[in-house]
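# Structural description and commentary
What follows is the residue order along each chain.
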Amino acid sequence: MRGAEAPFYLAHGDECEIFAAAYGNGLPVLLKGPTGCGKTRFVAHMAAALGRPLYTVACHDDLTAADLIGRYLLKGGETVWVDGPLTRAVREGAICYLDEVVEARKDVAVVLHPLTDDRRILPIDRTGEELEAAPGFMLVASYNPGYQNILKTLKPSTRQRFVAMEFDFPKPEHEIAVVTRESGLDEGRVRSLVRLAGKLRGLKGQDLEEGVSTRLVVYAATLIAGGMGVDRAIRVAMVEPLTDDEDVKRGLLDLATAVFG
Ligand code: ADP
């Protein structure tokens with residue numbers, strides 16, 4: 001990513017300044033917000049703007065500290081140590097982005113603690129090394145506080161080590177600009193899709209667990225721009241991904257018909 005042109009990111013507020021200030025002071029950053037609202041794009045944009053390489057790890061419930069740090073592997077009859085993405089970022093002074101960090105196993109938090117205080121070190125038990133983070137290293141993590149899962153929330157002892165920023169779906173004018181730019185669809189139809197997205201988000205907590213993401217609005221717009229009928233694009237990109245319940249689906253499709261007329 002270094003030297004590449006920064007991927008398009010439309011700022012909603014002062015998030016770029018805050019991120020740059022945290023980077024300049026060697027502070028880790030936590031991005032809170034629903035899935036598909038632009039967090040990953042924001043980090044990619046900032047990494048390029050700051051001229052840092054970026055290692056992104058999509059965390060899942062089997063992800064262990066060893067996946068981040070590295071492990072001994074057998075290569076041609078020899079055992080060799082292979083750095084994980086976090087170790088590479090620490091050595092190179094890169095940005096390491098742990099997407100959906102609460103999903104990861106508990107031992108991951110233990111690894112992050114010495115990296116997120118002023119020691120900025122990564123102890124590697126397996127090799128006996130204790131790496132000091134190279135200048136430019138930055139830890140960024142994201143999580144979605146919307147998932148009401150008591151087992152999957154960040155412990156205060158972990159979250160209180162980060163500068164935190166809240167993300168949400170862009171306001172309509174911003175979302176129209178983002179979706180138009182990303183999909184190439186005309187602004188008129190994007191405006192209607194964004195209006196529909198607003199209505200679908202209003203159903204969160206009643207019929208829907210999560211509101212429709214900007215990512216899905218971009219998908220719908222991209223399919224329409226590519227020639228797919230509006231009804232079909234909305235069904236496959238903005239309704240089916242949200243629910244499996246037939247009655248709810250029918251209600252959402254009726255809403256779409258009302259918005260598009
Ligand atoms: P998250 O990481 O929050 O799940 P992403 O960063 O992957 O979400 O965003 C999904 C898509 O939404 C991106 O690929 C991009 O097309 C679009 N997007 C959302 N917000 C913005 C924004 N502010 N600027 C540019 N693109 C955005």
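Given the structure is predicted, the values throughout are model-derived calculations rather than measurements.

Around the ligand there are 16 residues in total, and Leu10, Gly36, Thr40, Arg41 and Glu182 lie nearest to it. Measuring from an oxygen atom of the ligand, one finds a backbone N or O atom of Cys37 at 3.1 Å. Taking Lys39, its side chain carries an N or O atom lying 2.9 Å from an oxygen atom of the ligand. The fraction of the free accessible surface of the ligand (570 Å²) that becomes covered by protein chains is 91%. Counting residues per element, the shell around the ligand draws most heavily on helix H2 (residues 39-50), at three residues.

We now examine the nonpolar core. Ranked by size, the top nonpolar core spans 31 residues in total, and within it Leu86, Leu98, Leu122, Phe137 and Leu139 carry the most contacts. Tallying contributions element by element places helix H5 (residues 107-116) first for this core, with four residues. Excluding residues within four positions of it along the chain, Phe137 makes contact with Leu86, Ala89, Val90, Gly93, Ala94, Cys96, Leu115 and Arg120. Among the nonpolar cores identified, the runner-up in size contains 28 residues, and Ile176, Val194, Leu216 and Val248 belong to it.

This paragraph deals with the state of the cysteines. A full pass over the atoms with the stated rule returns zero disulfides. Counting only cysteine sulfurs, Cys59 is the nearest neighbor of Cys96, a cysteine outside any disulfide, at a range of 8.4 Å. Using a relative accessible area of 0% as the deciding quantity, one classes Cys96 as buried.

Our next topic: the UniProt feature "domain: CbbQ/NirQ/NorQ C-terminal" (unreviewed entry) in the chain. According to UniProt, the "domain: CbbQ/NirQ/NorQ C-terminal" (unreviewed entry) feature falls on residues 175-259. Span residues 175-259 is 71% helix and 0% strand, its end C-alpha atoms 17 Å apart.

The subject of this paragraph is the sheet that holds strand E2 (residues 54-58). A sheet is described by the order of its strands in space; here five strands give the open sequence E2-E5-E8-E1-E9, paired in parallel fashion. A strand with exactly one partner marks an edge of an open sheet, and here the two such strands are E2 and strand E9 (163-166). Averaged over neighbouring strand pairs, the angle between their axes works out to 20 degrees when direction is ignored. For strand E5 (residues 95-99) and strand E8 (residues 138-143), the ladder comprises four bridges, and the chain directions are parallel. Bridging from a neighbouring strand, Leu98 pairs with Ala141 of E8. On the sheet, helix H4 (residues 85-92) packs against E2, E5 and E8 and is oriented at approximately 160 degrees with respect to E2.

Next up on the list: the confidence of the model for the chain. Interpretation of the predicted coordinates at a detailed level should be avoided for regions scoring low in pLDDT. A residue-level look at the chain finds 96% of positions with pLDDT of 70 or above and a mean pLDDT of 92. For this predicted complex, the interface confidence reaches an ipTM of 0.99, while the overall pTM sits at 0.92.

Definitions and cut-offs
Going along each chain's sequence as written, the residues are numbered from 1 onward. Residue-level local features of this predicted model are given only where pLDDT is at least 70; pairs of side-chain atoms are given and counted only at 80 or more, and the full residue set underlies all totals for whole chains, interfaces and linings. Heavy atoms throughout the structure, all of them, feed into the side-chain values; hydrogens and water do not. By convention in this text, a residue qualifies as near a molecule or strand provided that one of its non-hydrogen atoms is within 4 Å of it. Here a polar contact is taken to be a pair of N or O atoms separated by no more than 3.5 Å, where protein atoms must pair a possible hydrogen donor with a possible acceptor and residues adjacent in sequence count only if both atoms sit in side chains. Computed with a 1.4 Å probe, the accessible areas rest on the Shrake-Rupley method; for each residue, only the protein chains presented here act as cover. Under the scheme used here, helices are H or I runs from DSSP no shorter than 4 residues and strands are E runs no shorter than 2 residues, and both carry numbers assigned from the N terminus. Joining through side-chain atoms within 4.5 Å is the link that ties buried Ala, Val, Leu, Ile, Met, Phe, Trp, Tyr and Cys residues into a set, and such a set is a nonpolar core. Any residue under 20% of the maximum accessible area for its type is buried, any over 50% is exposed, and the rest in between are partly exposed; the area is computed with a 1.4 Å probe on protein chains only. Residues are treated as being in contact if the distance between any of their heavy atoms lies within 4.5 Å. Disulfides are defined as pairs of cysteine sulfur atoms found within 2.5 Å of each other. UniProt positions are given in the numbering used here, feature names are shortened, and annotations may be inferred rather than shown by experiment. Two strands are counted as paired when DSSP detects at least two bridges linking them. Fitted lines through C-alpha atoms give the axes, limited to the stretch in contact for helices. The angle between two N-to-C directions lies from 0 to 180 degrees. pLDDT is defined as a per-residue confidence score from the predictor, taking values between 0 and 100.

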